[in-house]
Amino acid sequence: GASATSIRSLYFSQLFFLGVIASLLGLMLGSVLQQFIAVSLQEAYQIRLGPSSIYPYALSFFSGLMCVVFFALPALWYLPTVPPLKILRRELAVNATQVWMQAALALFAVLTLVILFSRDLELALSIGGALLGVIVATLVIAYGLLALSKKWVVNLGGFWRLAFANLQRNRGQSLIQILVFAIAIMLLFTLTIVRTSLIEEWKVQVPDDAPNHFLVNIPPEELPQVQSLLQEANVRPEPIYPMMRARLTHINGVETTEEQRSTKNALRRELNVTWSEKLAADNKILEGEWWDKWQRKEADLPGVSVEIETATDIGLKMGDKLQFSFGGLEMHAQVASFRSLDWRSMRPNFFFIFEPGSLDSYSPTYITSIYLPPSQKSFINTLLHNHPTILLMELDRIIEQIRSIVNQVSDGVLLVLWLTLIGGCLVLFAAVMGSIAARKQQAGLLRALGSPRQLIVGSICAEFAILGFLAGLIAIIGTEILLISLQTFVLETPIQPHYLFWLISPLSGALFVTGLGYIGCRRVVTTPPAIVLREAT
């Protein structure tokens, strides 16, 4: 005679207090782990962590309650609507609408927590896209292969026939298990690849012989002497560019507004500009022509080549007329081309490159970059002693600091990887235990009918091997989707496929899930059939 409201209140209160207890235990465990990490950081990197604020504790506590509300409660919310007679008859048909609603709420909870913890919308969308990719791949690949296996079962014998029959009989449960396994494996491989491949690929982008010193503010009259000094020391400079400071003030005769200057970086400040006859090796013309092919549309307007991201940010188009201010002296130019360039090349790069001869009436200084090995560091003293007006920027110290930070981040990712591995094992084990009752009943019947233990063990291992193989195959698809998003939007590195993991993921998934499945189901074959059937009944 209990009402639906009272039953839901009962479930909610039970789950709420369970979530509170679990969250408090998680905070205690996390606090102990945090102290261990703090001590390890101080010993390894001489970094002392400051006291933590209440925010991470509150957010972690909230995440525990949110997981209970959005994952567990929706599955129980519809139970009071089921007629008691159907429950007594065990006619618990699940409405497909309920399943999709629960899945949507779960995905919303995951995205919300990722946004709250990372505070990065692009990262959250990348993870959300990968999860959707895994779900779609699961429905397409797993459901398709399970459907095709109907024809294969006829020609199979032994434990393989029994394994495929179990998958077909529990198709819905098999799809859910594949999805759970795939997501857990995807997260593990994502962290593994991020720590190994992606970080190494990022470090390779700055090669050991990349220019590590910038020479700025070289006076024109001292340029021949500086070049001679570099040649005597056997130091090869990158191309030497004339450089001036200019501010973009008007676009097509219209002065830039205060709002534009506050939001556009290229309009907010003075920029380094240059002129050059040759296009740098790491520059590429995307639209328009370089000076050897470009023809002026108006005789009195020289051309200017604009970096593509700056042009997009400002909203420039080919042929736009620009007005610059060189310390109060005005100059007009016309957009001749848009360029892409590599800011990581450690070479001089410019937002605006003017046509040769267009800035002859101005007095430039010169800029270049050089590579100095540690053994030639003393050359800096000689250079600055002879030319004290030169501004020297020692990028090697900055590069070394960046590499040190990347190594520390790599160690941090390794720690998160271990924590995720433990969590993934718990999730996989929970997914296995969710089907343990049905497996006990089936195994008890088979043993009561005289089936040997080897047949039952083989069918269980074969079934979980198939689930793990499909989960690993789907997981690497989701991993590549997530990594492509990270490489494109977060790390901003070239997209690199990871072919070796396409082989490792399905095989390791099959072995890993088979091991967990055998551990979780070993009582199925070690318990006497009479006890198993009595428990199942």
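Everything quoted here is computed from the prediction, not taken from an experiment. (Residues numbered from 1 in each chain as written. Predicted model: local features only at pLDDT ≥ 70, side-chain atom pairs only at ≥ 80, totals over all residues. Heavy atoms only, no water.)

**Digging into the packing of helix α8 (residues 223-232) against helix α12 (residues 379-386)**
Where α8 meets α12, the axes come as close as 11 Å, and the angle between the chain directions of the two elements is 160 degrees. Here α8 is positioned roughly antiparallel relative to α12, judged by the angle of their axes. Remark: the crossing between α8 and α12 carries right-handed chirality. Where α8 approaches α12, its residues Val226, Leu229 and Leu230 are matched on the opposing element by Phe379, Thr382, Leu383 and Asn386. Here the residues of the contact of α8 with α12 sort into five nonpolar, two polar and no charged. (Axes fitted to C-alpha atoms, helices over the stretch in contact; angles between N-to-C directions. Helix = DSSP H or I, 4+ residues; strand = E, 2+ residues; numbered from the N terminus. Parallel < 35°, antiparallel > 145°, perpendicular 65-115°, else oblique. Left-handed = near helix turned anticlockwise from the far one by under 90°. Contact = heavy atoms within 4.5 Å. Nonpolar A, V, L, I, M, F, W, Y, C, P; charged D, E, K, R; others polar.)

**Section: the nonpolar core**
Of all hydrophobic cores here, the largest spans 45 residues; its most connected members are Ile178, Phe181, Phe464 and Ile474. Contributions of two or more residues to this core are made by α5 (121-155), α6 (158-169), α7 (171-204), α13 (395-433), α14 (436-448), α15 (453-490) and α16 (499-526). Considering every element that reaches this core, the biggest residue donor is α15, with 13 residues. With sequence-adjacent residues up to four places away left out, Ile474 is seen in contact with Val134, Ala137, Thr138, Ile141, Ala142, Ile178 and Ala182. In this structure, Val304, Phe338, Phe352 and Leu359 belong to the second largest nonpolar core, which totals 26 residues. (Core = buried A, V, L, I, M, F, W, Y, C linked by side-chain atoms within 4.5 Å. Buried < 20%, exposed > 50% of the residue type's maximum accessible area, 1.4 Å probe, protein only.)

**Examining the pairing of strand β6 (residues 303-307)**
Side-chain positions along a regular strand alternate between the two faces of the sheet. When you tally the buried positions in β6, you get five out of five residues, the bulk of the element. Burial along β6 is two-sided: the residues Gly303, Ser305 and Glu307 and Val304 and Val306 are all buried. One ladder, built from five bridges, connects β6 with strand β8 (residues 329-340); its direction is parallel. Its bridge partner being in β8, Gly303 is matched across the sheet by Gln334. (Pairing = 2+ DSSP bridges.)

**Description of the packing of aromatic side chains**
Within the structure shown, the criterion is met by eleven aromatic pairs. Note on Trp290 and Trp291: the rings are 5.0 Å apart at their centroids and 35 degrees apart in plane angle, and the pair reads as tilted. Exposure remark for Trp290: the relative accessible area of 9% places this residue in the buried category. On the accessibility criterion, Trp291 (12% relative accessible area) is buried. Ring plane angle 80 degrees and centroid distance 5.2 Å describe the contact between Phe324 and Phe352, whose orientation is recorded as edge-to-face. Placement of the pair is Phe324 in strand β7 (residues 321-326) and Phe352 in strand β9 (residues 352-354), with a sequence separation of 28 residues. Like Phe324, the residue Phe352 is buried in the burial classification. (Phe/Tyr/Trp six-rings, centres within 6.5 Å; stacked < 30°, edge-to-face > 60°.)

By themselves, these are just geometric observations and shouldn't be taken as functional.
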